[in-house]
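Fold and contact review
What follows is each chain in one-letter form.
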Amino acid sequence: MSPPAEPSSRFKDLISVRTLPPSPKMIPHPQKPKPKLTPPQLLTTIKGDLSSTLSPPFLLAPKSMTELPTCWIERPSLFAAPALEPDPARRALLVLKWFVVSLRALLYVGEGSKLGMKKPLNPFLGEVCVGCCVDEGARVALVVEQVSHHPPVGACYFWDEEHGIQCEGFSKVQMTFNGSINVKQVGRSVLHIDKYDEYYSIPILDAKVVGFFSGHLYPELAGKYSIVSSSGYISEMEFCGKGFWTGEKNSVSAKVYHRDTGPELPLYTLSGQWSSKFEIRDCGNDAFHEIYDLSTATPVPMTIPQKQSKTRGRRERRGGKSTKL
């Protein structure tokens, strides 16, 4: 067998080129490490709808969107109080008080963290949250279900059967980034008191996350909303936040009046901060009616039913107390 032929000069040139040491231009230069962005700086780089965006872990709350409506029942006696009040004006005031008190747990998702507010986990279609809250004066049950995925829509119903008061509603929540975090909600909610056959139209609020310059993000409400009763009483609320020079964060002012007399003659006023403390004043005698401090009012933890499918929702998979609806 003859030895292999010598490669031609053309191939020798190619081989020699391949074996040459790399040019200085081809030698990679060490890159400087990229500076780590703080959470507020990283948020400013994200655009679009959060439902279709892979959110960073620091932005995620350890709870699902279907668990947020539990804020409305975590103070059962407060929710049932309007059903025990014979005066329609005071009933309207009690509904307003329950609504304002519930806002802190609704909006401060992941409270206690440096962010102050985090993004709830996206629920899957058919996800259910079922439970109840019980205190010394009332027992309120809750059912929440994710009824649509595109667009994401959740529906909830909670009630106190003994006192004859219930509320039902639905909402579509959209969180977007465009230099700040905007939380837009579209939906409807109605509260009903059986004894007086009285309806209350409960508003769905939009929110914004602020505090980028300070590095501490927190939710803020702005604008005017109203709780309208079928008895003719209206609770008109106005939310505002802290400005550059004046004001306090999470500020709220409200007045309860009858539609026949108008907002110029309110019966009750409410003012303060919906996330910490506010006062209620009786306009009839210009005296303090009540000062409510959320730091001293401990919410009741929700319990879950003993028999619940392990594939229906996130809450029951994390465990908790068992009860019977």
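What counts, and where the lines are drawn
Residues numbered from 1 in each chain as written. Predicted model: local features only at pLDDT ≥ 70, side-chain atom pairs only at ≥ 80, totals over all residues. Heavy atoms only, no water. Pairing = 2+ DSSP bridges. Helix = DSSP H or I, 4+ residues; strand = E, 2+ residues; numbered from the N terminus. Disulfide = S-S within 2.5 Å. Core = buried A, V, L, I, M, F, W, Y, C linked by side-chain atoms within 4.5 Å. Buried < 20%, exposed > 50% of the residue type's maximum accessible area, 1.4 Å probe, protein only. Contact = heavy atoms within 4.5 Å.

What follows concerns the pairing of strand 8 (residues 181–193). Summarising the sheet, strand 7 (residues 165–177) and strand 8 pair through 13 bridges and their orientation is antiparallel. Of the residues in strand 8, the one forming a bridge with K172 is V186. Where strand 8 folds back on strand 9 (residues 198–202), the antiparallel hairpin that results is connected by four residues, among which D197 adopts a positive phi of roughly 45°.

Note the cis peptide between H150 and P151, where omega equals 0°. Within the secondary structure, P151 is located in the loop between strand 5 (139–149) and strand 6 (152–160). Not every positive phi belongs to a glycine, and D197 is a case in point at roughly 45°. If you trace the backbone, D197 turns up in the loop between strand 8 and strand 9.

Okay, the state of the cysteines next. Within this structure, the stated rule accounts for zero disulfides. Here C71 is not cross-linked by a disulfide; its sulfur's nearest cysteine counterpart is in C156, at 8.7 Å. No disulfide involves C132; its nearest neighbouring cysteine sulfur is the one of C133, lying 6.9 Å away.

Bringing the nonpolar core into the picture now. Of all hydrophobic cores here, the largest spans 63 residues; its most connected members are W98, F99 and F158. In terms of residues, this core owes the most to one element, helix 4 (residues 88–107), which gives 12 residues. Apart from the residues lying within four places of it in its own chain, the contact partners of F99 are W72, I202, P203, L205, I227 and M237.

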